[in-house]
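If you want the building blocks of each chain, they are given just below.
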Number of protein chains: 4
Amino acid sequence: MEQNEPFRSANVSDTVQIEEMTLSEDPRPRRASIGARRNPAAEAAIVAAARDLLGEVGFAGFSIDAVARRAGAGKPTIYRWWPSRTDLLVAVYERERAARLAEPETGALKGDLAAHARALFSAWRETPAGHALRGIVAEAQGAEPALVLLWGHLLPALARPIRAMLGDAARRGEVDPADTEMLAELVSGFLLRRLLTGQIDDDRAAIERMSRILATGRGRAK
Amino acid sequence: MEQNEPFRSANVSDTVQIEEMTLSEDPRPRRASIGARRNPAAEAAIVAAARDLLGEVGFAGFSIDAVARRAGAGKPTIYRWWPSRTDLLVAVYERERAARLAEPETGALKGDLAAHARALFSAWRETPAGHALRGIVAEAQGAEPALVLLWGHLLPALARPIRAMLGDAARRGEVDPADTEMLAELVSGFLLRRLLTGQIDDDRAAIERMSRILATGRGRAK
Amino acid sequence: MEQNEPFRSANVSDTVQIEEMTLSEDPRPRRASIGARRNPAAEAAIVAAARDLLGEVGFAGFSIDAVARRAGAGKPTIYRWWPSRTDLLVAVYERERAARLAEPETGALKGDLAAHARALFSAWRETPAGHALRGIVAEAQGAEPALVLLWGHLLPALARPIRAMLGDAARRGEVDPADTEMLAELVSGFLLRRLLTGQIDDDRAAIERMSRILATGRGRAK
Amino acid sequence: MEQNEPFRSANVSDTVQIEEMTLSEDPRPRRASIGARRNPAAEAAIVAAARDLLGEVGFAGFSIDAVARRAGAGKPTIYRWWPSRTDLLVAVYERERAARLAEPETGALKGDLAAHARALFSAWRETPAGHALRGIVAEAQGAEPALVLLWGHLLPALARPIRAMLGDAARRGEVDPADTEMLAELVSGFLLRRLLTGQIDDDRAAIERMSRILATGRGRAK
DNA sequence: ATGTAAGCGAGACGGTACGTCTGGTCTTATA
DNA sequence: TATAAGACCAGACGTACCGTCTCGCTTACAT
């Protein structure tokens, strides 16, 4: 801060000097490079910081600066491995999703759908995965790459287990195979709409109704 | 996000006319105050600038600064009437929505749903309303007030005509009245999911299938 | 606030409505026009507000907006009579200066100067006049009209009683008439420098020394 | 404020050279960071821009925004190193003051004072230093930190060479040592008053008279 | 064994946008 | 015709992030 400044005179706010001196010992261990390859500790610290940040303040207040600060990482280190904020959100999302729900396999489509929806809402409530996905959707409304990622990768992944259930149901004769694709879209539309409007509490009645309508057909009114 | 048709331009009955007339002789008319009350010309110019900006660059690049610049307005004037970016987006959205689709009234639910969906997709493609709604959803992922507005005001408004169709269908005996609410939610989930992933092209097959499944029930596989 | 807005929808921050309704009765009497001539009540209220504001927060925080707010006056009313902030400051300054010090007339220049300086410092301390003059000097550093006003009107007025004392002293033979002008300038330089650096406490020793040096000459060191 | 001579331009040994060289091929070199430490080129460009701005439009029109624009710098870069406008003005002032007047050493106080005053007025006329100091004084009338800086740092520095002359004179027996402090204050009061009222033209008669009165005493009128 | 290549924390950099404040002008409605 | 009111454009304020850059360091790997 002092180099090359022959004329730098007393600043208006130079009274801070004293307290800066007490900072002699460094509380942060400064996680250095481990050679010409990615440092797993750095990666873990960054994703953990991002996860915690999302958990604490949600997508608002989620910034690369804040993640770097909290992780004790340099911003270029983040940008090296996650070229955009979206990528970092995806990393958090996928990491959380790893703790996955065992497939229900109740033997009937309606029960499978309901169980899956309830498990998903629960995971979105209790981990930052929900905030992460919401953030990705938000980014996708303004950035092309995020949009591609969302509907080329994330939403298909979200629909995959649903499609699997529907495939099973089709094999059991519960569902016309020609309808599985649209049914999967309707289910994920339901899930997404609830997530984005913050309505992911354990609303059993609604989940039950959705599952019944889509799984067993409605039949005409009596 | 792909439709580069520059959307329908200023309507014949638009309030912007006043401003555009003054533009004829002076490049920057410096639209002054008209007394201690809101200046409709300023309001029109701001909403028009916001609309055009959305149409040209989408939600990315939509900033209050840019709107003020383009409208020749002071930022405080914008903040006075639309306290947040979301409010301005809503203004654009509702303005565009005014040119509304006549209700289909085909006499059968399936046709009504399909016609409505196609009309809505068309409107989203051809006016900035789609971009506006996408922006509002994005904002709602990080800002509580926007979230409240979204699911307390905007989504209900979106679902209202659908609910009306379902009510009619229920009166005709096509649908169990107990299901109308969830059916409306499923339809709007479908619409919203398509909007947010940029899939609002005129996909007649998908719209047809969605309408059939939700309107007539699926019936089990043969 | 409602006119011409067919599309103005629910604002994000529209919860204020309720409390605005309680504002039915007006606490402020709304001092109206008294016809086609200047309303003394308005003038008094404005100058009083300016004076009080200066007294409470000093020149920082002194703005036309704040004065208008506090006086319950419209900004144009202020600008009509005081075309710039400087003019308003001058009004405050002159009004305060009205409660003026009786001329000392001790019969000797040194005592006159000291008495005058002490009286002036006291007035600057105890009324907003000091803040007003400081503000005028500040404005004069960036605005030509204020500068003209300052050294064409205010500083001469400040020097006038001093020049009078020096004239008397010259008549008494205490001072060379050719020196009175510069002596007056040196005295007012002393006063101004003290005011602008906030050193207008009752420093009798310094005032005494200044008076002695300028009034009786120094004489060489013993 | 009247001198429209464009003041001495960039010195041969100025640090700006580096930046000006890159300007040869690219109209906007986008002077990037040079690592986790202050970039001297950026500093030089900012101070130079501030200096030029002061020289061209004076303290009015001197804004951080304008400096940033002209320097091709980001506003945060300026605020990082000069937390307030005052700090930047001080930087300009001290930079200019570096081109210092050789101490006169005429052997007699009166000549020393006159030479010093004339040199100072000349520097204030021909460089932006005068505008910078005027700006600092203006700021000090509304901001406490600027006030502290002014009379704790800047005015003492201004008075230092004068005090030195007076000390020499006292050693030579020309002046009573007990008077040196007040004499220095009277001289700097004279200088400051002239600066703040824009009267820094080469008024030899006035400078002569001031020097004579303060240096040799006046003696009574004949 | 050593040179080189890459990762690392750090933080400065030019920008853009944020939301607020003030300046000075303008117009209306009221008296 | 003066007044209170308050909207209007303009633009500066100081702050937060963005994504890029360079530094000085550390370590592993290829020579």
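Computed from a predicted model, the values in this text were never measured in an experiment.

Participant: Looking at this structure, how should I read helix α3 (residues 64-71) of chain D?
Facilitator: Each turn of an α-helix holds 3.6 residues, which means side chains three or four residues apart point in the same direction. Residues and elements named next belong to chain D. For α3, every residue scored as buried is listed here: I64, A66, V67, A68 and A71. Lining the buried residues of α3 we find α2 (40-57), α4 (75-81) and α5 (85-97). Residue G72 follows α3 closely and has a positive phi angle near 65°.

Participant: Would you mind going over helix α10 (residues 204-216) of chain B with me for this structure?
Facilitator: Taking 1.5 Å as the rise per residue, α10(B) with 13 residues should run 18 Å; its terminal C-alpha atoms sit 17 Å apart, in good agreement. Within the sequence span of α10(B), burial applies to B:A206, B:I207, B:M210, B:S211, B:I213, B:L214 and B:A215. Tucked into the core, α10(B) has its buried residues touching α9 (180-196) and α10 (204-216) of chain A together with α6 (109-126) and α9 (180-196) of chain B. Phi for B:G217, located one or two positions after α10(B), is positive at around 75°.

Participant: Mind showing me how you'd approach the domain arrangement of chain A here?
Facilitator: Interface size, as often reported, equals the accessible area lost upon joining of the parts. All names here are of chain A. Under the domain assignment used here, chain A contains domain 1 (38-83) and domain 2 (101-216). The straight-line distance from the C-alpha centre of domain 1 to that of domain 2 is 28 Å. Summing the contributions of domain 1 and of domain 2, the shared interface buries around 440 Å²; its carbon and sulfur component is 85%. It is R51, L54 and F59 in domain 1 that bury the most area against domain 2; as a group they hold 83% of the surface buried on that side. Counting the contacts that link domain 1 with domain 2 gives zero residue pairs in polar contact (both at pLDDT 80 or more). Tallied by class, the residues present in the side of domain 1 that touches domain 2 amount to two nonpolar, two polar and one charged.

Participant: Can you help me understand the packing of helix α2 (residues 40-57) of chain C against helix α3 (residues 64-71) of chain C in this one?
Facilitator: Any two packed helices are characterised by the angle at which their axes cross and by the distance between the axes. All names here are of chain C. Close contact between α2 and α3 brings their axes to 8 Å; oriented N to C, the two are set at 120°. In terms of axis orientation, α2 runs oblique to α3. Here the hand of the crossing between α2 and α3 comes out right-handed. Taken together, the residues of α3 that come into contact with α2 (itself represented by A45, I46, A49, A50, D52, L53 and E56) are A66, V67, R70 and A71. Looking at the contact of α2 with α3 residue by residue, the class counts come to eight nonpolar, no polar and three charged.

Participant: How should I be thinking about the protein's contact with DNA strand F in this particular structure?
Facilitator: Around DNA strand F there are 64 residues in total, and A:P76, B:R31, C:R31, D:G35 and D:Y79 lie nearest to it. At 2.8 Å from a base oxygen of DNA strand F is found a side-chain nitrogen or oxygen belonging to D:K75. Between DNA strand F and the protein, one listed contact pairs a phosphate oxygen with a side-chain N or O atom of D:Y79 at 2.4 Å. Broken down by secondary-structure element, the contributors of at least two residues to the surface near DNA strand F are α3 (64-71) and α4 (75-81) of chain A, α4 (75-81) of chain B, α4 (75-81) of chain C together with α3 and α4 of chain D. Per-element tally for the surface near DNA strand F: the top contributor is α4(C), with five residues. Tallied by class, the residues present in the surface near DNA strand F amount to 22 nonpolar, 18 polar and 24 charged.

Participant: Is there a simple way to explain the relation of the copies chain B and chain A in this structure?
Facilitator: The relation between the two chain copies is a rotation about an axis coupled with a shift along that axis. Between the two copies, chain B and chain A, the superposition gives an RMSD of 0.1 Å; the rotation angle is 180° and the shift along the axis is 0.0 Å. Here the two chains are linked by the operation of a two-fold rotation axis.

Participant: Explain the pattern of salt bridges to me, please; I cannot follow it from the model alone.
Facilitator: Any two side chains of opposite charge can pair if their charged atoms end up close together. Tallied over the entire structure, the rule returns 68 salt bridges over all chains. Where A:E185 meets B:R194, a salt bridge forms, and the shortest distance between an N and an O atom there is 2.7 Å. Of this pair, A:E185 sits in helix α9 while B:R194 sits in helix α9, on two different chains. Taken individually, A:E185 and B:R194 each receive the classification buried, so the pair is uniform in this respect. One salt bridge connects C:R70 with C:E56, and the closest N-O pair in it is separated by 2.6 Å. Of this pair, C:R70 sits in helix α3 while C:E56 is found in helix α2, placing the two residues 14 residues apart along the sequence. Beyond isolated ion pairs, a larger network of salt bridges with shared partners links A:E185, B:R193, B:R194 and B:D203.

Rules used in this analysis
Along each chain, the written sequence defines residue order, and numbers are assigned to residues from 1. Here every chain gets a letter starting at A, and every ligand a number starting at 1, in the order they are written. For a predicted model such as this one, the threshold for reporting local features is a pLDDT of at least 70, and the threshold for listing and counting side-chain atom pairs is 80 or more; totals across whole chains, interfaces and linings nevertheless cover every residue. Side-chain calculation: all heavy atoms of the structure are included, whereas hydrogens and water are not. For each residue, the accessible area found with a 1.4 Å probe, counting protein chains only, is set against the maximum for its type, and the residue is called buried under 20%, exposed over 50%, and partly exposed in between. The numbering of helices and of strands both runs from the N terminus, where a helix is a DSSP run of H or I of at least 4 residues and a strand a run of E of at least 2. Only heavy atoms matter for contacts: two residues are in contact if any of them lie within 4.5 Å across the pair. Every helix has an expected span of 1.5 Å times one less than the residues it contains. In this entry, domain limits derive from an automatic or database-based domain assignment. As used here, buried area is the combined drop in accessible area, with a 1.4 Å probe, of two parts when they are placed together. Distance and chemistry together define a polar contact, namely a pair of N or O atoms within 3.5 Å, with one atom able to donate a hydrogen and the other to accept it when in protein, and with adjacent residues in sequence counting only for side-chain atoms on both sides. Gly is placed with the polar residues, together with every amino acid not listed as nonpolar (Ala, Val, Leu, Ile, Met, Phe, Trp, Tyr, Cys and Pro) or charged (Asp, Glu, Lys and Arg). Lines fitted to the C-alpha atoms define the axes, with helices restricted to the stretch that makes contact. Angles between their N-to-C directions range from 0 to 180 degrees. For classification purposes, angles smaller than 35 degrees are called roughly parallel, those larger than 145 roughly antiparallel, those between 65 and 115 roughly perpendicular, and all remaining angles oblique. By definition, any crossing whose near helix is turned counterclockwise from its far helix by less than a right angle is left-handed, and any crossing with a clockwise turn is right-handed. Only heavy atoms are used to decide nearness, and a residue is near a molecule or strand if one of them lies within 4 Å of it. Least-squares fitting of one copy onto the other uses the C-alpha atoms of those residues that reach a pLDDT of at least 70 in both copies. We define a salt bridge as a contact between a side-chain nitrogen of Lys or Arg and a carboxyl oxygen of Asp or Glu at a distance within 4 Å.

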